[in-house]
Each structure stands twice: as structure tokens, then as C-alpha cells.
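The chain contents come next:
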Amino acid sequence: MAHVFVAPHPDDAALSCGGLIASLRELGQNVTILTVFSGSGSNAAGGGLTGYQREALGFGTKTLWPATEAFNRSDIRADYPASPNDAEWLADDDRLEATQEDADAAAKRFWQRASWYRRASIRAKPLAGQALMDDVSTQGALYTDDVIEAATAGEIVARRRVEDERFAFFAEASVVFLDLPDAVFRGYEGDDQLLGPVREDDDAPVSILRREIARLEPQFVYLPLAIGNHVDHQLCRDAGVALLAEPPSWVMPGPVWPGTVVFYEDFPYAWWKGFQTLDDLPSGALDGIPGDVLLTPHYSDIGDQLERKVRGIAMYESQIDRLFGGVNAMARGVREHTQAVGTLGRVNGPAERYWHSYRP
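Residues numbered from 1 in each chain as written. Predicted model: local features only at pLDDT ≥ 70, side-chain atom pairs only at ≥ 80, totals over all residues. Heavy atoms only, no water.

A word on the overall build of the protein
Then comes step 1: Looking only at helices and strands, one finds 12 helices and 7 strands in the protein.
Then comes step 2: Residues counted as buried form 46% of the 360 residues belonging to the protein.
Then comes step 3: Put simply, of all contacts in the protein between residues at least 6 apart along the chain, 80% involve residues at least 24 apart.
Then comes step 4: Entry remark: accessible area of the protein is about 19100 Å², with carbon and sulfur atoms responsible for 51%. (Helix = DSSP H or I, 4+ residues; strand = E, 2+ residues; numbered from the N terminus. Buried < 20%, exposed > 50% of the residue type's maximum accessible area, 1.4 Å probe, protein only. Contact = heavy atoms within 4.5 Å. Areas by Shrake-Rupley, 256 points an atom, 1.4 Å probe, with all protein chains shown as cover.)

Set out below in C-alpha cells:
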């Protein structure tokens, strides 16, 4: 048996289907994660991101990217409110001079293979025209131009891909990146657009998904219901609906999509919105499904795999604070939601729910 999980972004498969993936691998079945919108787009590859793009990708103001300098005090909180009346580092001149000599000697050793060396100043005085960091507030996070430039679109997307690869290794699954640009790189700005209707010129990636899914020859392919209405999730759902609407091919028989296509409930959106039935989806979300194709709920008991699901989600460190406010809050949310789903499906324990397509 082979299963393909279509994830709009890195982390979606772990968030929504981590329990089932773990159960399938325990049974020895093959799992492939198909991450669709994992690219930055050419318009962002060479420069920094807007504040909204960083936040939408999960790298908001709570995240401090490493400074490119060896020691950048802008990333350090002050131990106490600085006062202009305080003596330099609360030390006398003799101690300062002794420390300065040690610093200069260390700098010479560091630059010993160069024809010059950069003097290491321990005093709060500017050198060589450089900015004096003591003149800039260091209470809390400060984003200097160097730090912002370091967080370029390519590096952010690369970090999310690495997290996806780590999860795939942990879950013993394979992962395929389609590298289509994320919605924030396709002109969607602000939550109203990102969680609103799909633009008319933004087509669902039906052909590329059909090609990759057919290549992998799965018995089941799982796509999101787009419960949170994120445009990238909507496009993946629309691709699944389009596959179900395809007439059978008699000249060159291909996959029979009814019975193969399965829809999963997007977490944490399903938890936040208290999703119960397909009627809770926006009007017309599934209108493209032919009338003779039905969707029926199946409940996957993940009691034995719940903690493994939590551990897998925790690997997406870039997303945890933005989505949940911390690992512990994430774990509580996963346990609470899966237990509620299990109760709804009369499963004796936590569960995930999937909507299987079939033609009677």
C-alpha cells in the first residue's frame, strides 16, 4: 500500500495527519508527503521580506534570526535599565585598561594571519565610523538592517524545507517538494486576502499534482478540506475536487480517483473553528464534485501514536510560537482536539477524521 499526503505547506501533513502517518508506517505501508507551496518565487529570491510576509510564513516578531556579526548586542536584553550616569561597565580606569590590553592581545591572535587587525574596544566608544550599539535601545528584540537582510526569502523557505525533511526522516516517510511559490509571494497581502477568495488568475495546480500523484501510484491520496480558508489550502482542495470530476480515460486507463481521493481536516483550523461537518465549509467549497461521488467520514484511532504526532509537530520550530504560543500549548491543543474528534466518532480515545470519496 502507498499513501500520498498533499501538504499545501511544510508542516501541514504533520499537523493534520501525523497520527495516521505514524500508524501507516508502523504497519509497513509507504508514505510520501507532497509539499506543494514550498518556494519563494523569483520576486523574493534576491531581497528581504515585508513584515507581513515574514509573519505569514511563521517568522514574525517573536523570532530572532542569528545576527551575521560574531557578537551583536542588539539581540541581548539589558540586565537593568541603562542610565547615562552609570560609569563605563561599573569599572574603574585601571580595570578597564587591563581588560582592554587582554582584548587587544586576543584580537591580534585572531587576526595573526592577516597583515592588519581590527582593534577590539571594550569601551562604549565608536571605532572606524561604526555605530555605537550603546546608543541604541537594547530592551527587547531589535531588528537591525543586517538581521533583516539575513532573513531573506530564500533562507526562510529553506529553513521550512529543512524542518519538513527532518519530520519526514522522523516519520520514516519520503518527501517531494513541488516548489510552487507561497501565496505571500503571489501577490496576496494581509489576512483578508490570504484567508479570502482565490483570485481568478490563480489556478489550482491540478496538472502538476496529477502528474506527481500518478507517478507515485498510491492507493490513497489525501488533500486538505481548507477549513481555515487559506488560499493555498483552497487550491489544493480544488485540485482534489478537479480530480474527482475527471471522466474515466478509456484509451489510456489512469487512476480511478473516486475511492482514491481522501480529504483531511486542517489542524489547527478545525480546532479553532470547532469544525463538525462538511456543512461548516464555505458555501460552494465542494460544488465541483460530481453528484454520483459521495464523501463519508472515517475515524483513525491514533491513541498509540498521539505522542509521536506531538513530537513530530514540535520539529517545526519556526511555526510553533506563531500558531500555538509554545510547545506545551501545542501539545495541549493536539490532545484536546483529537480527543474531541474521537468522542465525535465514538472512538475510545484520540482520533483523526478523514473524508473518503466513493462512487456507489
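Notes on the sheet that holds strand β2 (residues 30–35)
Then comes step 1: Read from one edge of the open sheet, 7 strands run β3-β2-β1-β4-β5-β7-β6, paired in mixed fashion. Two strands bound the open sheet, and with one partner strand each, they are β3 (174–177) and β6 (294–301). With strand direction ignored, the average angle separating the axes of adjacent strands in the sheet is 25°.
Then comes step 2: In the sheet, strand β1 (residues 2–7) pairs with β2 via 6 bridges, with the strands oriented parallel. Of the residues in β2, the one forming a bridge with A7 is T35.
Then comes step 3: Sitting on the sheet, helix α12 (residues 327–344) is in contact with β6 and β7 (351–358), with an inclination near 55° to β7. (Pairing = 2+ DSSP bridges. Axes fitted to C-alpha atoms, helices over the stretch in contact; angles between N-to-C directions.)

Observations regarding the pairing of β2
Then comes step 1: Counting buried residues in β2 gives 5 out of 6 residues, a clear majority hidden from the surface.
Then comes step 2: Assessed by its sense of winding, the connection that carries the chain from β1 through helix α1 (residues 12–26) to β2 is right-handed.
Then comes step 3: Looking at chain direction, β2 and β3 are connected through 4 bridges and run parallel. Across the sheet, L34 pairs through a bridge with V176, a residue of β3. (Right-handed = clockwise from strand over helix to strand, strands pointing away.)

So, the confidence of the model for the protein
Then comes step 1: Of all residues in the protein, 70% attain a pLDDT of 70 or more, and the chain-wide mean is 80.
Then comes step 2: For residues 59–77, every residue scores under 50 in pLDDT, and the model assigns this stretch 47 contacts once sequence neighbours within four places are set aside.
Then comes step 3: Across residues 136–153, where pLDDT falls below 50, the model places 39 contacts with residues more than four positions away in sequence or in other chains. (pLDDT = per-residue confidence, 0-100.)

A look at helix α8 (residues 231–245)
Then comes step 1: With 15 residues, α8 ought to run about 21 Å at 1.5 Å a step, and its terminal C-alpha atoms sit 21 Å apart, in line with that.
Then comes step 2: Of all 15 residues in α8, 12 are buried, a share of seventy percent or more.
Then comes step 3: Those residues of α8 that fall on the buried side of the exposure criterion are V231, D232, H233, Q234, L235, C236, R237, A239, G240, V241, L243 and L244. (Expected span 1.5 Å × (residues − 1).)

Regarding the packing of aromatic side chains
Then comes step 1: The full count for this structure, using the stated rule, is 7 aromatic pairs.
Then comes step 2: Aromatic pair Y269 and W272: ring centres 5.7 Å apart, planes at 85°, arrangement edge-to-face. A residue pair is termed a helical-turn pair when its members lie 3 or 4 positions apart in one helix, as Y269 and W272 do in helix α9 (residues 269–273) at 3 residues.
Then comes step 3: Exposure remark for Y269: the relative accessible area of 18% places this residue in the buried category.
Then comes step 4: For the cation-ring pair, R161 lies above F177, with the distance from its terminal atom to the ring centre recorded as 4.1 Å.
Then comes step 5: Cation over ring: R308 sits above F170, and NZ or CZ is 4.2 Å from the ring centre. (Phe/Tyr/Trp six-rings, centres within 6.5 Å; stacked < 30°, edge-to-face > 60°. Lys NZ or Arg CZ within 6 Å of the ring centre and 35° of its normal.)

A short note on the pattern of salt bridges
Then comes step 1: Using the criterion set out here, one finds 15 salt bridges in the structure.
Then comes step 2: Ionic pairing is found between K309 and E352, a salt bridge with its closest N-O pair at 2.7 Å. Linking K309 in helix α10 (residues 306–314) with E352 in strand β7, this pair joins segments that are 43 residues apart in sequence. We note that K309, like E352, is buried. (Salt bridge = Lys/Arg side-chain N within 4 Å of Asp/Glu carboxyl O.)

Here's the deal with α1
Then comes step 1: If you check α1, its first and last C-alpha atoms are 20 Å apart, about what 15 residues at 1.5 Å a residue would give, namely 21 Å.
Then comes step 2: The sharpest bend along α1 measures roughly 80° and falls at G18.
Then comes step 3: Along α1, 13 of the 15 residues are buried, which leaves the element largely enclosed by surrounding structure.
Then comes step 4: Remark: G28 follows α1 within two positions and exhibits a positive phi of approximately 85°. (Bend = angle between axes of the 7 residues up to and from the residue.)

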